[in-house]
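# Overview (structure and organization)
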Amino acid sequence: MNQFIVQTLNGLTLAGIMFLVSSGFTLVFGVMRITNLAHGAIYLLGGYIAYSTIQLVGNFFVGVIVAGLAMALLGIVLERTLIKRMRGQVMAELLATLGLVYVMNDLALAVWGGDPLSLRLPGVLRESTTLPGGIIYPNGRMFILFLAVVIGLALYFLLRRTRVGAIVRAGVDNKAMVSAMGINVRLVFTMVFALGALLAGVGGALGGTVLSLAPNADAEILTFALIVVIVGGLGSFEGAVLGSLIVGLLSNYGQAYFPALAYFALFAPLVLVLLVRPQGLLGRTAA
Amino acid sequence: MAVATLVALSLGACGEGPGGGADTSEPGSPIKVAFEVPLTGAFAANGLNQKNGFELGLDTFGREVDGHPIEVRYIDTKGDPATALTSARQIVQEGVTVFQGPLVSSESAAVTPYLAQQKVPVDDLTLCSEVQLDSWQKNGNGYSSGWSCDHPALMAAQWAYEDMGWRNITIAAQDFSFGWEVAGGFKAAFESLGGTVDQAIWVPLNATDVSSYVSQISQDTDAVYAEMSGVFAVRFIDAYKSYGLTGAIPLVGITQLTDQSVLPQLNRDAALGVMTGAQYCDGIDTPENEEFVAAYKEKFDLYPGYYSDAGYVKAQIMVEALKSLDGDYSDPEAIAEALQSVNIEAPRGPVEISDKTHSPVQNVYICEVQEIDGDLRNVPIKTFESVPPEGPLEYEEWEAHFRHDSAGRPE
């Protein structure tokens, strides 16, 4: 039983990190119809920047914030200089973001090297707590879960309760109409792309405490993000929440209880969803 | 200074010595060395450490033998077997005197048969597969100067049973041929002594979160033996601490678990006290190693890890062997023979190559992570001297399990 609780908590913290990454991915797709394959690389770069910032100033939280802001800035630059030139050409956008993956990864390899890095949590977060029933569980993971929930709630509030959120949601449903209403869709695109990158950067900083930063970590996380949004529904925020929970928990139970079938446990629901609801659990069919 | 003298001496020897057999021994013609090593991709860090070690070794032992300059070409394999094989073909066609083998076991499996067919003398990093063992036993062109994969594991098992008195052990290993070979060696030796392996936890290479595996370790095992390297070593040791196992259940592992390529990344409290069965530790207390560590630290501002020592030893063996050939590098068989007849005092201790397995007979250490002058170091707490590749097992028994484990998980 204890083992089951530990594995559930592990699955939830993994789901938290997946949510941070996939919510940004799904937002960008929902609003801009861009499958940003560089999202994983932005995650990894965010993690590396957090690492260097923490080395420099010695404060974990400053590292997380700097990583998020730096990646948001990178998002703005990429959107303004690269993505906007190929708007609407699906193949060009896909290839351009794929090309970015190689550029960013090689730059990261040149700057941070190939040795695996991991971020250190400060003080009490590095300790463990004994939960009722004698379960020893690391504080850091509970903290990550907590932070993911807080960020998730903030995003929910932003999307559901503010004017900006209303514009973004309207953009997902009918871009032409939003434009016709006199709203600056260009600006919305840039802001959404920046928000997506910010979430990925923060995800990288938090993920780096549990998952280690190394070449290829970006491909791992991108795979998870893709599964999450396909299961949850491309473009749907709630879908990202639900998808993260399903994928995080299944991936963890799979590894713990049927290690030989771990990947089957992860991909089987994906196939089922694609067969029964190709638009994803909470996705809407294209109008 | 010593290098200059050596070079001067060997130059002299060349002038007086008899002329060699073939065109390769024309005065001043280069000795062509090809070094396949991953310099980009997931194994880049390990590859770079090996290259650094090799360069330092050439600085130390000489870049010229009998008037022939040693010309080294590094080829980036990216850790990919197909690239390794394609480049090997090209290298051989262009002519090569000594081939320094790849790093990843899948790369070795790809190039070994081709190099044997072409009779190219090859110094491979590790002996990890049946393919290598068969090929080298049959053709004699290749050997490993680093280690046979299960060598330290065999001695770690003996130490765990005899010195520590542990009877029940949990093994955690990565689920691929290297992991099978290491875990299989440990299990075979530990069980032959009378111990029991409680549980074997296999971690897939694409596992994202190692914690789910660490949290499966049962609280009532005597100790854990871990085969983890690179990112996995970092994640494993961190998770071991955060799930409350550090200090409660002793953790022993392979060299790479706390090698200097990962040690600086580890959480200090989590790493202190972790032990390894190792063919090299940076804290070995011999003049050869102290000199090597000091030179390495000065040149690269890092402590050398196992891969750095491996590169250095490759250079040491190669230069030593080339010197014994009196300027004649035309016969690949003689070169392969010379390479495998060298006896050296390496940073890791005395190294010689076994005739049976074509892998080193060398010391195996049990090392512990300790803090020395504020740095985390691996310090030997026990030394097994000049151990043959089969360790405490009978040779036939060892070879049978070695062949079996390179193809699948040990039973």
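Residues numbered from 1 in each chain as written. Chains lettered and ligands numbered in written order. Predicted model: local features only at pLDDT ≥ 70, side-chain atom pairs only at ≥ 80, totals over all residues.

## What to know about the overall build of chain A
- In terms of helices and strands, chain A carries 11 helices and two strands.
- Taken from the N to the C terminus, the helices and strands of chain A come in the order α-α-α-α-β-β-α-α-α-α-α-α-α.
- Here the C-alpha radius of gyration of chain A, 19 Å, is about what a compact globule of 287 residues would show, namely 19 Å.
- Buried positions account for 52% of the 287 residues belonging to chain A.
- Across chain A, the fraction of contacts at a sequence separation of at least 24, relative to all contacts at a separation of at least 6, is 74%. (Helix = DSSP H or I, 4+ residues; strand = E, 2+ residues; numbered from the N terminus. Rg over C-alpha atoms; globule rule 2.2 N^0.38 Å. Buried ≥ 20, exposed ≤ 12 C-beta atoms within 10 Å, placed from the backbone. Contact = placed C-beta atoms within 7 Å.)

## Describing the overall build of chain B
- Each helix and strand in chain B was counted, giving 14 helices and 15 strands.
- The C-alpha radius of gyration computed for chain B amounts to 21 Å, which stays within 12% of the reference 22 Å derived for 411 residues, consistent with globular compactness.
- Once the C-alpha set of chain B is aligned to its principal axes, its extents read approximately 70 × 45 × 35 Å.
- Counting over 411 residues, chain B shows a buried share of 58%.
- In chain B, the share of contacts with a sequence separation of at least 24, taken over all contacts with a separation of at least 6, comes to 73%.

## What to know about the environment of Thr53 of chain A
All names here are of chain A.
- Relative to the assigned elements, Thr53 resides in helix H2 (residues 39-57).
- Each C-alpha atom of the pair Thr53 and Gly63 lies 5.1 Å from the other, and the pair is 10 residues apart in sequence.
- With residues up to four places along the chain from it excluded, the contact list for Thr53 reads Val62, Gly63, Val66 and Ala67.

## Brief notes about the nonpolar core
- Counting 220 residues, the largest nonpolar core has Met18 and Val192 of chain A together with Ala156, Phe186 and Phe236 of chain B as the members making the most contacts within it.
- Considering each element in turn, this core owes the most residues, 16 residues, to helix H1 (residues 2-32) of chain A.
- Counting residues domain by domain, this core receives three or more from each of domain 1 (2-147 + 285-361) and domain 2 (151-284 + 362-405) of chain B. (Core = buried A, V, L, I, M, F, W, Y, C linked by C-beta atoms within 7 Å. Domains from an automatic or database assignment.)

## Describing the interface of chain A and chain B
- Taken together, the contacts link 28 residues of chain A with 27 residues of chain B.
- Of all the secondary-structure elements, those providing two or more residues to the side of chain A that touches chain B are H1, strand E2 (135-138) and helix H10 (237-257) of chain A.

## Focus on the domain arrangement of chain B
All names here are of chain B.
- Domain assignment breaks chain B into domain 1 (2-147 + 285-361) and domain 2 (151-284 + 362-405).
- The C-alpha-based centres of domain 1 and domain 2 are spaced at 28 Å.
- Between domain 1 and domain 2, the contact holds 30 residues from the first and 22 residues from the second.
- By residue class, the composition of the side of domain 1 that touches domain 2 is 14 nonpolar, 11 polar and five charged. (Nonpolar A, V, L, I, M, F, W, Y, C, P; charged D, E, K, R; others polar.)

## A closer look at the environment of Ser106 of chain B
All names here are of chain B.
- Position of Ser106 relative to the elements: it lies in helix H4 (residues 105-117).
- Note on Ser106: 17 C-beta atoms within 10 Å, which makes it partly exposed.
- Residues Ser106 and Pro264, spaced 158 residues apart in sequence, show a C-alpha to C-alpha distance of 28 Å.

## Brief notes about the pairing of E2 of chain A
Residue and element names in this part refer to chain A.
- The sheet contact formed by strand E1 (residues 128-131) and E2 spans four bridges and is antiparallel. Pairing of Leu131 across the sheet is with Ile135, part of E2.
- Connecting E1 to the next strand, E2, in antiparallel fashion are three residues, including Gly133 with a positive phi near 95 degrees. (Pairing = 2+ DSSP bridges.)

## Overview of the pairing of strand E8 (residues 196-203) of chain B
Residue and element names in this part refer to chain B.
- One ladder, built from seven bridges, connects strand E7 (residues 168-174) with E8; its direction is parallel. Its bridge partner lying in E8, Gln174 is registered against Val203.
- Assessed by its sense of winding, the connection that carries the chain from E7 through helix H7 (residues 177-193) to E8 is right-handed. (Right-handed = clockwise from strand over helix to strand, strands pointing away.)

## Things to note about helix H8 (residues 185-210) of chain A
All names here are of chain A.
- End to end, H8 covers 37 Å across 26 residues, agreeing with the expected 38 Å (1.5 Å per residue, within 8%).
- The buried count for H8 comes to 22 of 26 residues, which makes it a mostly enclosed element.
- Just past H8, the residue Ser212 takes up positive phi, approximately 65 degrees. (Expected span 1.5 Å × (residues − 1).)

## Regarding the packing of H2 of chain A against helix H4 (residues 90-112) of chain A
All names here are of chain A.
- Two elements in contact, H2 and H4, have axes whose closest approach is 9 Å; the angle formed by their N-to-C orientations is 20 degrees. Classified by the angle between their axes, H2 and H4 sit roughly parallel to one another. H4 is crossed by H2, and the crossing has left-handed handedness. Note on element contacts: H4 touches H2 through Leu100, Val101, Met104, Asn105, Ala108 and Trp112, opposite Ala41, Leu44, Leu45 and Tyr48.
- For the contact of H2 with H4, the per-class residue count stands at nine nonpolar, one polar and no charged. (Axes fitted to C-alpha atoms, helices over the stretch in contact; angles between N-to-C directions. Parallel < 35°, antiparallel > 145°, perpendicular 65-115°, else oblique. Left-handed = near helix turned anticlockwise from the far one by under 90°.)

## Observations concerning the sheet that holds strand E1 (residues 31-37) of chain B
Residues and elements named next belong to chain B.
- The six strands are arranged E2-E3-E1-E4-E5-E6 in an open sheet whose pairing can be described as mixed. What marks the edges here is a single partner per strand, and that holds for strand E2 (64-65) and strand E6 (142-148).
- Bridge count for E1 against strand E3 (residues 68-76) is seven bridges, and the pairing is parallel. Bridging across to E3, Val33 finds its partner in Val72.
- Across the sheet, helix H3 (residues 81-94) is in contact with E1 and E3; its angle to E1 comes to roughly 175 degrees.
- Contacts from helix H5 (residues 130-139) reach strand E5 (122-127) and E6, with the element oriented near 135 degrees to E6.

## Concerning helix H9 (residues 217-232) of chain A
Residue and element names in this part refer to chain A.
- The terminal C-alpha atoms of H9, which comprises 16 residues, lie 22 Å apart, in line with the 22 Å expected from a rise of 1.5 Å per residue.
- The buried count for H9 comes to 12 of 16 residues, which makes it a mostly enclosed element.
- Those residues of H9 that fall on the buried side of the exposure criterion are Ala217, Asp218, Ile221, Leu222, Phe224, Ala225, Ile227, Val228, Val229, Ile230, Val231 and Gly232.
- Following H9 by one or two positions, Gly233 adopts a phi angle in the positive range, close to 120 degrees.

## So, the confidence of the model for chain B
All names here are of chain B.
- Taken as a whole, chain B shows an average pLDDT of 89; of its residues, 93% reach a score of 70 or greater.
- Contacts from residues 1-23, a stretch scored under 50 in pLDDT, to residues over four places away or in other chains number 25 contacts.
- Our summary of model confidence lists the complex with pTM equal to 0.82 and ipTM equal to 0.72. (pLDDT = per-residue confidence, 0-100.)

## Examining unusual backbone geometry
- Located in the positive-phi region is Arg33 of chain A, a residue other than glycine, with phi close to 55 degrees.
- Of note, Arg33 of chain A is situated in the loop between H1 and H2.
- With 16 C-beta atoms counted inside 10 Å, the residue Arg33 of chain A sits in the partly exposed group.
- Located in the positive-phi region is Ser386 of chain B, a residue other than glycine, with phi close to 35 degrees.

## Here's the deal with the packing of helix H2 (residues 44-61) of chain B against helix H12 (residues 306-323) of chain B
All names here are of chain B.
- For the pair H2 and H12, the least separation of the axes is 6 Å and the interaxial angle reads 40 degrees. The pairing of H2 with H12 is recorded here as oblique in orientation. Crossing geometry of H2 relative to H12 is assigned as right-handed. Each of Asn46, Asn49, Gln50, Lys51, Asn52, Gly53, Phe54, Leu56, Gly57, Leu58 and Phe61 in H2 lies in contact with H12, whose residues at this interface are Tyr307, Ser308, Asp309, Ala310, Gly311, Tyr312, Lys314, Ala315, Gln316 and Val319.

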